[in-house]
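Residue-level listing of the chains:
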Amino acid sequence: MLIVIAIVALTSGVIGISINNALQGQRFRAEVAIVTNTLRLAQDLMLALKDDVQVRFSNEAEKGIQFWLETDSRLSKNWEREIKRSHKTLRAIRTIKFQDEQNGTTQEGNITIQFLSNGSVMSRGVLSFANNINAWERNAMQSVICLYGYPHPIASQTESACTFDKNEFFNERLTDLTVQEVMLASQLKDEEKKKGA
């Protein structure tokens, strides 16, 4: 009888641990999905309202990670209600960091993801999440959101497989310089015509 009770107790303990791990994993994935949807909403608001939008994260150790959506202009009551609903506290996600591909920096704790100037200025990089304070612990769950800038879709994935074209920023800078040179050449031609006339 004692052996049967011991086996039942051991089996119950193993099942309880498995259920707890499954619940923690589900909460973590649900919070990553909420953040992903908020980032999509921010991008949609930027495009629909032609307004600058930021998604801000603040890591408050005891309370969890607070995050919310902000806009620069005054919105209608319906949009205001939707934005207020975006204020959330993340409890299953314990670590968050943003590796900025544009300037090569890494932000932790207080992070701002920007959707500005109708898509011409947007945060580009990897937003990483983990369910432990130390993301490198053996059983830590991890997820990333690759932010490629406009007009790329926003989606989360479990592996850090974000690939950024290193020539992309070079091409943008080269395009800007070319536009500036063409405008300067055009101005010089106009000045020469005025002098000749």
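See above for the structure.
Cut-offs and rules
Residues numbered from 1 in each chain as written. Predicted model: local features only at pLDDT ≥ 70, side-chain atom pairs only at ≥ 80, totals over all residues. Heavy atoms only, no water. Disulfide = S-S within 2.5 Å. Helix = DSSP H or I, 4+ residues; strand = E, 2+ residues; numbered from the N terminus. Buried < 20%, exposed > 50% of the residue type's maximum accessible area, 1.4 Å probe, protein only. Axes fitted to C-alpha atoms, helices over the stretch in contact; angles between N-to-C directions. Parallel < 35°, antiparallel > 145°, perpendicular 65-115°, else oblique. Left-handed = near helix turned anticlockwise from the far one by under 90°. Contact = heavy atoms within 4.5 Å. Nonpolar A, V, L, I, M, F, W, Y, C, P; charged D, E, K, R; others polar.

A few words on the state of the cysteines. Summed over all chains, the structure comprises 1 disulfide. Covalent S-S linkage joins Cys146 and Cys162, the inter-sulfur distance amounting to 1.8 Å. Taking the sign of the S-S torsion, about -75 degrees here, the bridge from Cys146 to Cys162 comes out left-handed. Taken as a pair, Cys146 in strand E9 (residues 142-147) and Cys162 in the loop between strand E10 (156-157) and helix H3 (166-196) lie far apart in primary sequence, 16 residues in all. In this structure Cys146 comes out as buried when scored by relative accessible area, which is 4%. Looking at Cys162, the relative accessible area reads 16%, which means it is buried.

Right, let's get into the packing of helix H1 (residues 2-49) against helix H2 (residues 77-85). H2 packs onto H1 with a crossing angle of 160 degrees between their chain directions and a minimal axis gap of 12 Å. As summarised for this structure, H1 and H2 are arranged roughly antiparallel, according to the angle between their axes. Regarding H1 and H2, the two cross each other, and that crossing is left-handed. On H2, the residues touching Leu41, Leu45 and Leu49 of H1 are Trp79, Glu82 and Ile83. Grouping the amino acids of the contact of H1 with H2 by side-chain chemistry returns 5 nonpolar, no polar and 1 charged.

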